[in-house]
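Here is what each chain is made of, one letter per residue.
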Amino acid sequence: MLELREVSTRYGPITVLRSVSLAVGAGQLACLLGPNGAGKTTLIRTILGIVRPVSGSIWLDGARIDRLRPHQIVARGVAVVPEGRRLFPKMTVEENLRMGAFIEWAPADFAARRDHVFSLFPRLAERRRQSAATMSGGEQAMLAMGRALMSRPRLLLLDEPSLGLAPVLVEQLFAMVQAINQSGTTVFLVEQNARKTLEIAHHGFLLQKGEVVGAGSAESLRRSELVRHAYLRT
Amino acid sequence: MPPLELLLQQTLNGVMLGVMYALIAVGFTLFFGVLDVIHFSHGDIFMLGAFVGLSTLLGLAVVGLRTPLLALPPAFAVAVLVTGLVGVGAERVCVKPLARSSPLMTLLATLSLGLVLRESVLIFYPRGADPKPFPQLLPAGGFEVGGVAVRYENLTILAIGFAAMIGVDLVIRRTRMGAAIRAVAQDPEAAQMMGVNLDRTVDATFFLGSGLAAVAGMLSGFYYGEIHFIMGITGGVIGFSAAAIGGLGNVYGAIVGGLLFGVLQTTAAALIPRGSEFRDVVAFAVVMLFLIFKPSGILGEKSVERV
Ligand SMILES: Nc1ncnc2c1ncn2[C@@H]1O[C@H](COP(=O)(O)OP(=O)(O)O)[C@@H](O)[C@H]1O
Ligand SMILES: [Mg+2]
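Predicted model, so just to flag it, every value in this text is computed and none were measured.

**Q** Explanation requested: empty space enclosed by the protein in the structure shown.
**A** Over the atoms a probe the size of a water molecule is rolled, and this reveals where empty space is left. Residues and elements named next belong to chain A. In this structure the tally under the stated criterion is two cavities of 30 Å³ or more. By volume, the largest cavity is sized at about 50 Å³. Elements with a contribution of two residues or more to the lining of the largest cavity: β6 (78-81) and α6 (137-149). Per-element accounting of the lining of the largest cavity gives the leading share, three residues, to β6. Residue composition of the lining of the largest cavity, grouped by class: seven nonpolar, two polar and one charged. Reported here for the second largest cavity is a volume of approximately 30 Å³. For the second largest cavity, the full set of lining residues is V81, R85, A141, A144, M145, P161 and L173. Ranked by the residues each element gives to the lining of the second largest cavity, the list is headed by α6, at three residues. For the lining of the second largest cavity, the per-class residue count stands at six nonpolar, no polar and one charged.

Quick look at the structure:
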């Protein structure tokens, strides 16, 4: 479904991604693990067209997307829970959800989609008229997830969605990501929480200093020396 | 102490002026919202709107459309459309390409563009150096309540001005493009991640803001009875001040700031001896006090200190 072929990305003179190749099949739950500063967020921004790769190509369902603009890529069924959530602080919960469906704006089933999100996160229903800025960290995480689901994406990108959440919420979040994937959405999950991530992922990639240094099934990654040493601390 | 009627009268006059200032200020604040820039040629866009409106009215008169109902709607439409497109052109040529470089570059580029607009009217408009009489198409006459003279012409200006503001408010709060504008103002990258077309949204914002300035330009023509190629300098400074008082980036703040500035000017004229000579001094002194004591403006959240 998603494929990167030797993608390199630079910010000015600094090369952040070096010839990154990876593929995520339809229906898969793939993960990208890597330490701070490895280039994980840059990879997400590159997929979305926020930054353009200097070389290599990105493919979505067999079509090349690395020369498209972000809104064109999103229109092809990609949604994201960005790093740091990036909610619209002065918009209400409901307006944020509406932004999640921006591409279609007023789909016939808008109410059904919103109510589906409310059923997943009842707290959001209670706070629908409240501005996003006034919500707790956990509620903001829910809203970011709900917002991403509003477009009924085929590919969901998640950039460290568990960051800053209490352990109970992290647990819930991972269960939800798994459920979303099981309902048919392809998921590409960027995380630092390797243990939890490898419990739900089918397969994954390791990114270090902008390079893919490992790839394989979740099972094999859990066993690999590199992961055990660098991420699982066992 | 001046009589109460005089104060009321001046407040009414101030609201009149304030509506025009507000229409200019909304543009400044919208542009700052989406691009974090001050578009210093916006005052000259306002002037251009007045001249496009005037030309259209004169053209319509030639083909026999002289009655208000036949002439005003097309004149406003043409002025908004043409000025809006010029605003988009200005943004594409000298605002957005520089928005990511130093604010000084944008300052220089937009100040220069303002000069070009002024000089163009001066040179290319027939006898461009002279003030141009503006056709008086708004209803004449009026009435008096409690010693305050209310002219139909002024009521019409108020009605058109408020209608324009309500229209913009509806666009911003209720439409898809309005949501895009608000989203870009709050977080451009997140907006793009939701599928917002950044370039188109910035274009739409400049079209909207410049179109409003054109409405202000025409109202100014009706109010003063004439327009002049340098009217954009004062108009721009006042509109910018109004936006700053209200808090840059906040549309309602800009409206409040515009009305406040207008009322300050006219009541200063009534309250202070020889006040009509000092009205701008008083109004701008208040602006400076605002900038010193509340730099984020009445309703502002975005701090302007970083500019
Ligand atoms: N906008 C930017 N401009 C310049 N350098 C950046 C920018 N964003 C990130 N970087 C640099 O790129 C590297 C990778 O960052 P990032 O992709 O955020 O990593 P991660 O998400 O894995 O923590 C870091 O060294 C960071 O300093
Ligand atoms: Mg990151």
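Structure's up, so let's keep going.
**Q** Can you walk me through the sheet that holds strand β2 (residues 14-24) of chain A in this structure?
**A** Within a sheet, neighbouring strands are paired by backbone hydrogen bonds and run either parallel or antiparallel to one another. All names here are of chain A. Reading across from one edge, β2-β1-β4-β5 is the order of the four strands in this open sheet, with antiparallel pairing throughout. Sheet topology places β2 and β5 (63-64) at the edges, where each strand pairs with a single neighbour. Alignment of strand β4 (residues 55-60) against β5, held across two bridges, turns out to be antiparallel. Across the sheet, residue W59 finds its bridge partner in β5, namely R64. Across the sheet, helix α1 (residues 40-47) is in contact with β1 (2-11), β2 and β4; its angle to β1 comes to roughly 110 degrees.

**Q** It is not clear to me how the nonpolar core should be interpreted in this structure. Could you clarify?
**A** When a protein is soluble and globular, its nonpolar side chains tend to lie buried together. M99 and F188 of chain A together with F222 of chain B are the most contacted members of the largest nonpolar core, which totals 124 residues. The element best represented in this core is helix α1 (residues 4-35) of chain B, accounting for 16 residues. If you count residues domain by domain, this core takes at least three from each of domain 1 (1-77 + 154-234) and domain 2 (87-152) of chain A. When near neighbours in sequence (up to four residues on either side) are disregarded, M99 of chain A contacts F88, M91 and W105 of chain A together with A179, A183, M194 and V196 of chain B. Residues A79, F121, L221 and V227 of chain A belong to the second largest nonpolar core, which totals 43 residues.

**Q** Can you help me understand the pairing of β1 of chain A in this one?
**A** The side chains of a regular strand alternate between the sheet's two faces. Residues and elements named next belong to chain A. Inspection of the sheet shows β1 paired to β2 by seven bridges, in the antiparallel sense. From the neighbouring strand, T9 faces β2, where its bridge partner is L17. Following β1, the chain reverses through two residues before pairing antiparallel with β2; G12 in that reversal takes a positive phi of roughly 60 degrees.

About the criteria used
- Residues numbered from 1 in each chain as written.
- Chains lettered and ligands numbered in written order.
- Predicted model: local features only at pLDDT ≥ 70, side-chain atom pairs only at ≥ 80, totals over all residues.
- Heavy atoms only, no water.
- 1 Å grid on protein atoms, 1.4 Å probe; cavity = no way out; pocket = protein on both sides within 12 Å on 5 of 7 lines; lining within 4 Å.
- Points joined across faces, edges and corners; volume = space filled by probe spheres on them.
- Helix = DSSP H or I, 4+ residues; strand = E, 2+ residues; numbered from the N terminus.
- Nonpolar A, V, L, I, M, F, W, Y, C, P; charged D, E, K, R; others polar.
- Pairing = 2+ DSSP bridges.
- Contact = heavy atoms within 4.5 Å.
- Axes fitted to C-alpha atoms, helices over the stretch in contact; angles between N-to-C directions.
- Core = buried A, V, L, I, M, F, W, Y, C linked by side-chain atoms within 4.5 Å.
- Buried < 20%, exposed > 50% of the residue type's maximum accessible area, 1.4 Å probe, protein only.
- Domains from an automatic or database assignment.

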